[in-house]
Amino acid sequence: MNKNHKRHMRKMQAASEITPKSDETKSIAKKNLGLLKKKKQQEQQPDEKTKSPSVNEDAGDELNLGGDSSRPKTALQQAFLARLAGSRFRELNEDLYTTNSSSAFERFQKNPELFDQYHEGFRTQVMSWPINPVDVVYKWILSVNRSRPKEEQKSSKLTIADFGCGDAKLAEKLLKIKAPGSGKSRARKRRKKQKENASDEKNKNEESSSDDSSSYAFKVHSFDLVANGNPNIQPCDMSNVPLEDGTVDIGVFVLALMGTNIADFIREAHRVLTPDGKLKIAEVRSRFESGAMEESNKDANKSSSKKGGRDQKNKGKNSKFTYSSKRSDDSLLKEFLDVMQDLGFRCTKKDRGNKMFILLEFEKTGKSPSKDAAFTAKTLASVVP
């Protein structure tokens, strides 16, 4: 008998010796096996009371930029989210300033989530402003409408085109305004007809007709790169809006002169405006008044000069725009107004009453816009308020 055969026989003998021979031994083995499985499960899944929260769970709560959370966020988490949204806003803002409008439209149409990310950051910026320029333009439009004869206000709506409307807040406000007399006159007619007609059905019809859209004072066209479910927004390229020639009474650009082909936006506004139409532009003052920025950097410039100019690269990087009438340089604004003149618009009013924004009002000159006129990068530099 060779060695391999002997080894095989020993293994067989050992196996027969440990094989259960009775029901009792089988029961004991089964019980021991159950205890081993239970112990293994406890090792893999520790008690909930002693389990520490995972990093992924906390990170999910902190980095959730859009979803609802059942737990309120801490002040630190809220500050982190605001900083993250602001950083993303500045990145997208710079992209929009340095991109042709047709390319921006194509990009945002393919990635509509960028629109939400941009305006989430924009809304954060607005909260830090002393006043929202949209509110200023809204009040100005109301004053323009009030200046029209009463009969004209009743018979025709004022048509507004909001270029680069964002969340279409201007349309949201204007579309709540009823035409003069639409409420009282309709109420009188309704009461009179209720006395003449006893029919409940007719009374319901009269009630529903009082809320017809014809009773509103404004018709608003709001344009931006993406609608994202907002019924007031018409997505399009700002240089090619879906309107007929001469159909708009007031054109509006509120912080919307963004892109490398801004002159095309102005030409498009000229096309859709009526001969006596108005154009309103609200922009950050630092885009036109470089001298005001130098005033706020005065102390920083002095300190850098003492160090031999080694901090020149960082000059103005952390400065905050502050208007100074004594040091304001109007050369950039003059250049802008000259280009607007070439594009068929003359400036009729400059409003510098706000410390952060400048509001410019234009009317048509009667001349066709120049095809060669263009804004330089110097004239309209990218500035985030």
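None of the values given here were measured: they were computed from a predicted structure.

Asker: How would you summarise the state of the cysteines if you had to cite specific residues and measurements?
Answerer: One pass over the structure, following the stated rule, counts zero disulfides. Cys165 carries a free sulfur, and the closest cysteine sulfur to it, the one in Cys236, is 8.7 Å from it.

Asker: Give me the nonpolar core: which residues, what numbers.
Answerer: Core analysis: the largest hydrophobic core is formed by 33 residues, its most contacted members being Phe253 and Phe336. Counting residues per element, the ones that place at least two in this core are β1 (158-163), β4 (248-254), α12 (262-272), β5 (273-284), α15 (331-342) and β7 (357-364). If you tally residues by element for this core, the top one is α12, at six residues.

Asker: Could you give me a rundown of the packing of aromatic side chains, with the residues and numbers involved?
Answerer: Note on aromatic pairs: each is described by the distance of the centres and the angle between the planes. This model, assessed by the stated rule, comprises nine aromatic pairs. Residues Phe163 and Phe253 carry aromatic rings whose centres are separated by 4.7 Å and whose planes lie at 15° to one another, so their mutual orientation is stacked. Of this pair, Phe163 sits in strand β1 while Phe253 is found in strand β4, placing the two residues 90 residues apart along the sequence. Grouping residues by exposure puts Phe163 and Phe253 together as buried. Ring plane angle 25° and centroid distance 5.2 Å describe the contact between Phe336 and Phe375, whose orientation is recorded as stacked.

Asker: Tell me about the pattern of salt bridges, residues and numbers included.
Answerer: Tallied over the entire structure, the rule returns 15 salt bridges. Here Arg107 makes a salt bridge to Asp95, at a shortest N to O gap of 3.3 Å. On the criterion of sequence distance, the pair formed by Arg107 in helix α5 (residues 101-110) and Asp95 in helix α4 (residues 75-97) is long-range, its members being 12 residues apart. Asp245 is the partner of Arg271 in a salt bridge, and the nearest nitrogen-oxygen pair spans 2.6 Å. On the criterion of sequence distance, the pair formed by Arg271 in helix α12 and Asp245 in the loop between β3 (233-235) and β4 is long-range, its members being 26 residues apart. You can call Arg271 partly exposed: its relative accessible area is 26%. Taken together, the shared-partner salt bridges connect Glu120, Arg123 and Asp167 into one network.

Asker: Any chance you could break down the side chain of Asp224 for me, citing the residues and the numbers?
Answerer: Inspection of the secondary structure assignment puts Asp224 in strand β2 (residues 218-224). This buried residue, Asp224, is left without a salt bridge; Arg123 holds the nearest opposite charge, at 10 Å. The contact partners of Asp224, leaving out residues within four places of it in the chain, are Phe115, His119, Gly164, Cys165, Gly166, Ile233, Gln234, Pro235, Cys236 and Met238.

Asker: Could you give an account of unusual backbone geometry, naming the residues involved and the relevant values?
Answerer: Even without being glycine, Ala168 reaches a positive phi, approximately 60°. By secondary structure assignment, the location of Ala168 is in the loop between β1 and α9 (169-174). Of the residues examined, Ala168 reaches a relative accessible area of 1% and is grouped as buried. Phi angles above zero are rare outside glycine, and Leu255 is one such case at about 50°. Inspection of the secondary structure assignment puts Leu255 in the loop between β4 and α12.

How each quantity is defined
Residues numbered from 1 in each chain as written. Predicted model: local features only at pLDDT ≥ 70, side-chain atom pairs only at ≥ 80, totals over all residues. Heavy atoms only, no water. Disulfide = S-S within 2.5 Å. Core = buried A, V, L, I, M, F, W, Y, C linked by side-chain atoms within 4.5 Å. Buried < 20%, exposed > 50% of the residue type's maximum accessible area, 1.4 Å probe, protein only. Helix = DSSP H or I, 4+ residues; strand = E, 2+ residues; numbered from the N terminus. Phe/Tyr/Trp six-rings, centres within 6.5 Å; stacked < 30°, edge-to-face > 60°. Salt bridge = Lys/Arg side-chain N within 4 Å of Asp/Glu carboxyl O. Lys, Arg positive; Asp, Glu negative; His and termini not counted. Contact = heavy atoms within 4.5 Å.

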